[in-house]
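Architecture at a glance
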Amino acid sequence: MSAASQPPTERPAWKALEAHYQSMQNRHLRQLFADDPERGERFAVEAAGVYLDYSKNRITDETIRLLVQLADECGLRDRIDAMFNGEKINVTERRAVLHTALRAPQRQSIVVNGEDVVPQVHAVLDKMADFSCRIRSGEWKGCTGKPARNIINIGIGGSELGPVMAYEALRYYSRRDLTFRFISNIDGTDFVEAMHGLDAEETLFIISSKSFVTLETMTNASTARDWVLKTLQHPGAISRHFVAVSTNVGKVVKFGIDAENVFGFWDWVGGRYSMDSAIGLSTMIAIGPENFRAMLDGFHQMDEHFRTAPFERNLPALMGLLGLWYNNFFGAQTVAVLPYERYLKRFPAYLQQLTMESNGKHVTLDGAEVVCQTGPIYWGEPGTNGQHSFYQLIHQGTKLIPCNFIGFSQPLNPLGRHHDLLMANLFAQAEALAFGKTPQEVSAEGIPAWQVPHRTFEGNRPSSTILLERLTPAALGKLVALYEHSVFTQGTIWKIDSFDQWGVELGKALAARIIPELEAGANCQLKHDSSTNALIRRYRRSRGLLQGS
Ligand code: F6P
């Protein structure tokens with residue numbers, strides 16, 4: 001077996017980590033902090049204005065040394081270079097992976113298939129900026145002469161989660177006189193509720209789909225087209241009320257949207273890595289081209305840090321390695337992402353696609369079954385709301401749930417003591433998880449003996465805290481890039497393709513088979529398993545298609 005195809009579990013560093021885990025599994029954070037008064041500052045790193053405190057993790061210097069050694073043995077440095085240089089590291093789709101080119105400054109050159117892609121990226125950004133300014137100034141008019149005030153993004157997965165997350169995250173910077181809504185689900189309720197109360201004359205649809213064949217998006221787009229044509233009864237309705245973002249211009253034009261109203265991107269941008277491409281058109285309209293460019297600059301700063309910093313000082317690499325430590329050695333199944341910032345309310349949902357579609361894989365790059373656990377489950381909710389709901393399980397349950405706390409020093413909406421109270425809660429939760437409360441401490445408070453076990457917190461529950469100055473567009477870019485590259489770090493070590501998503505295909509194919517069975521008349525032969533047949537029959541009966549099924 002060549003060194004490159006060696007499973008990570010065979011690497012010397014992995015073996016050393018297994019032995020090291022034996023000595024770490026019962027060491028308590030209380031002791032680790034007591035042994036090293038400087039720990040809180042030593043296990044912290046700052047880059048591009050992002051401060052990562054990882055001291056409340058169940059690690060020592062030796063853990064970090066071995067994790068970095070593992071990254072080295074698995075060729076992380078070469079893989080980073082391969083990604084940034086446009087090599088086709090998405091092997092199953094034979095594609096380069098170049099979301100980093102989307103935020104490359106104009107002076108840079110990145111060649112893919114013999115072509116420098118940076119000028120193309122900036123040409124699209126300029127076209128987006130021009131269009132956004134026309135919408136924001138009211139110059140872009142609908143077919144009846146009214147300016148577009150309602151911007152509706154139709155898209156799903158990466159063509160929705162990024163735009164909606166960024167819109168919510170940067171709402172503070174957004175134009176409040178424009179309405180932004182997002183339609184993703186094929187459930188008709190999504191369309192009906194999003195369009196409720198909107199005037200077609202003032203509505204612009206952005207159909208966002210890399211492929212322009214996704215069932216949900218194309219169904220919603222057709223419904224939108226029917227709605228506009230029916231409501232406006234105007235021959236110019238489509239060209240003034242629809243634009244598209246896609247790599248598939250042919251399909252867009254076939255749908256009826258003018259070629260000049262298409263904002264392109266490239267097959268080397270994965271859907272879940274595309275919020276900073278033209279898929280971010282709604283974001284740019286909301287916050288303006290200058291803020292959008294500031295966001296790209298934030299992404300780029302984190303890219304450069306990831307590309308150049310030694311792994312022991314490299315935020316994304318460290319985050320990825322710490323995640324791997326819990327996933328593969330402690331057997332943790334999930335990671336909780338807990339932003340103490342209301343504007344980041346969709347950030348956990350966004351991260352779910354980024355992390356789980358990327359690293360939820362069961363075979364390696366060369367098709368062999370993986371020999372260790374891959375991507376953990378990501379979940380979370382903003383700040384203190386979670387404290388009054390699921391934090392109980394994190395504090396006193398039987399599962400180990402590493403947490404990522406995210407906070408900002410400066411509030412965007414200063415309001416009395418609110419921000420101090422919010423951040424006090426963040427710091428307190430991380431502290432409580434790490435150090436807990438011993439039975440002796442509980443008893444010393446005069447708690448009756450029978451209640452002591454219930455009120456004891458064993459602690460030793462790990463967390464990392466990510467602290468930024470203020471939630472700006474640049475800060476959001478840095479945060480997203482931080483997670484993108486930490487996912488990449490893990491995928492590299494697990495030797496999986498973090499950029500394909502074949503696991504979504506089977507369900508799509510089966511749904512395509514079932515659709516006609518739900519819509520067929522009386523005679524319909526079902527050839528599924530007995531459970532699926534019974535469910536379909538029951539549904540058909542309820543819908544009045546009683547016989548023959
Ligand atoms: O089905 C999964 C997926 O392919 C995602 O990876 C992607 O972000 C989403 O569907 C939407 O795809 P598209 O942008 O091509 O409509």
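The structure we're discussing is the one just above.
The following refers to the structure shown. Nothing here was measured: the structure is a model prediction, and the numbers come from that model.

Quick notes on the sheet that holds strand β10 (residues 334-339)
As summarised here, the arrangement of the 6 strands in space is β1-β2-β13-β12-β10-β11, forming an open sheet in which the pairing is mixed. Each edge of the sheet is formed by a strand with only one pairing partner; in this case those strands are β1 (44-47) and β11 (377-380). Within this sheet the neighbouring strands show an average axis-to-axis angle of 20°, counted without direction. Pairing of β10 with β11 involves 4 bridges; the strand directions are parallel.

Quick notes on helix α9 (residues 215-232)
The end-to-end C-alpha separation of α9 is 25 Å, in line with the 26 Å expected for 18 residues at 1.5 Å each. Within α9, the full set of buried residues consists of T217, M218, N220, A221, A224, V228 and L232. Seen along its axis, α9 keeps its buried residues to an arc of 165°; they face one direction. Downstream of α9 by a residue or two, Q233 has a phi angle that is positive, lying close to 45°.

Considering the site of the ligand
Around the ligand, 14 residues are found, and the nearest of them are G158, S159, S209, S211 and T214. Measuring from an oxygen atom of the ligand, one finds a side-chain N or O atom of Q353 at 3.1 Å. The cavity that encloses the ligand is the largest pocket.

Overview of the side chain of K495
Examined against the element boundaries, K495 turns out to sit in the loop between α21 (473-494) and α22 (505-519). The buried charged residue K495 lacks any salt bridge, with D366 as its nearest oppositely charged partner at 4.2 Å. Apart from residues no more than four positions distant in its own chain, K495 is found in contact with A4, S5, Q6, P8, T364, L365 and D366.

Looking at the packing of aromatic side chains
Summed over the entire model, instances satisfying the criterion amount to 27 aromatic pairs. Each ring, one from W379 and one from F390, has its centre 4.8 Å from the other, and the planes form 70°; the classification is edge-to-face. Taken together, the residues span a long stretch of sequence, with W379 in strand β11 and F390 in the loop between α16 (383-387) and α17 (391-396) at a distance of 11 residues. Grouped by ring-pair contacts, the aromatic residues W14, Y21, W325, Y326, F329 and F330 constitute a single cluster. The ring of F33 has R39 lying over it, and the distance from NZ or CZ to the ring centre is 5.2 Å. Over the face of the ring belonging to F255 we find R225, whose NZ or CZ atom lies 4.2 Å from the ring centre.

Description of the nonpolar core
Within soluble globular proteins, side chains that are nonpolar generally end up buried alongside one another. The biggest cluster of nonpolar side chains holds 128 residues, and the ones touching the most others in it are W268, W325, F347, I466 and L476. Apart from the residues within four sequence positions on either side, F347 is in contact with M165, V337, I406, L479, V480 and Y483. One finds A200, A224, A244 and F255 within the second-largest nonpolar core, a separate group that totals 25 residues.

Details of the pattern of salt bridges
Taken as a whole and assessed by the stated rule, the structure comprises 22 salt bridges. A salt bridge links R134 to D130, with the shortest nitrogen-to-oxygen separation between them at 3.9 Å. Linking R134 with D130, this pair stays in helix α6 (residues 118-137), spanning 4 residues, or about one helical turn. Between R272 and E357 there is a salt bridge, with its nearest N and O atoms 2.8 Å apart. Residue R272 is located in the loop between β9 (262-264) and α12 (281-287), and its partner E357 is located in helix α15 (residues 347-359); the two are separated by 85 residues in the primary sequence.

Remarks on the side chain of S464
You can see S464 is positioned in strand β13 (residues 463-468). Side chain to side chain, S464 and N57 meet in a polar contact 3.0 Å long. Once you skip the residues sitting within four places of it in the chain, S464 turns out to touch L52, D53, Y54, N57, L322, C403, N404 and F405.

Things to note about the sheet that holds strand β5 (residues 150-154)
Pairing in this open sheet of 5 strands is parallel, and the strands run β6-β5-β7-β8-β9 from one edge to the other. The open sheet is flanked by β6 (179-183) and β9, the only strands paired with a single partner. Averaged over neighbouring strand pairs, the angle between their axes works out to 20° when direction is ignored. Relative to β9, strand β8 (residues 242-246) runs parallel, the two being bridged by 3 bridges. Paired with A244 across the two strands is V262, which belongs to β9. In the packing of helix α8 (residues 188-195) onto the sheet, the strands contacted are β5, β6 and β7 (203-208), and the crossing angle to β6 comes to about 175°.

Describing the packing of helix α13 (residues 289-308) against helix α14 (residues 315-330)
Contact pair α13 / α14: the axes reach a minimum separation of 7 Å and the direction vectors enclose 70°. Regarding the angle of α13 to α14, the classification is roughly perpendicular. Residue-level inspection shows M302, H305 and F306 of α13 in contact with α14, the latter providing L315, P316 and A317.

Considerations on a nonpolar patch on the surface
Together, I186, L215 and I515 give the surface a local cluster of nonpolar side chains, amounting to about 230 Å² of exposed area. Within the element layout of this structure, L215 appears in helix α9.

Quick word on α15
Its 13 residues place the ends of α15 18 Å apart at the C-alpha level, agreeing with the 18 Å of an ideal helix rising 1.5 Å per residue. By the criterion of burial, α15 is predominantly enclosed, with 10 of the 13 residues buried. Every buried residue of α15 is listed here: F347, P348, A349, Y350, L351, Q353, L354, T355, S358 and N359. Contacts made by the buried residues of α15 are with α7 (161-169), β10, β11, β12 (403-408) and α21.

The rules we used
- Residues numbered from 1 in each chain as written.
- Predicted model: local features only at pLDDT ≥ 70, side-chain atom pairs only at ≥ 80, totals over all residues.
- Heavy atoms only, no water.
- Pairing = 2+ DSSP bridges.
- Helix = DSSP H or I, 4+ residues; strand = E, 2+ residues; numbered from the N terminus.
- Axes fitted to C-alpha atoms, helices over the stretch in contact; angles between N-to-C directions.
- Expected span 1.5 Å × (residues − 1).
- Buried < 20%, exposed > 50% of the residue type's maximum accessible area, 1.4 Å probe, protein only.
- Arc of directions from axis to C-beta.
- Near = heavy atom within 4 Å.
- Polar contact = N/O pair within 3.5 Å; in protein donor to acceptor, adjacent residues only side chain to side chain.
- 1 Å grid on protein atoms, 1.4 Å probe; cavity = no way out; pocket = protein on both sides within 12 Å on 5 of 7 lines; lining within 4 Å.
- Sits in = over half its atoms within 2 Å of the grid points.
- Lys, Arg positive; Asp, Glu negative; His and termini not counted.
- Salt bridge = Lys/Arg side-chain N within 4 Å of Asp/Glu carboxyl O.
- Contact = heavy atoms within 4.5 Å.
- Phe/Tyr/Trp six-rings, centres within 6.5 Å; stacked < 30°, edge-to-face > 60°.
- Lys NZ or Arg CZ within 6 Å of the ring centre and 35° of its normal.
- Core = buried A, V, L, I, M, F, W, Y, C linked by side-chain atoms within 4.5 Å.
- Parallel < 35°, antiparallel > 145°, perpendicular 65-115°, else oblique.
- Patch = residues over 30% accessible without salt bridge, like charges linked within 9 Å, V, L, I, M, F, W, Y side chains within 5 Å.
- Areas by Shrake-Rupley, 256 points an atom, 1.4 Å probe, with all protein chains shown as cover.

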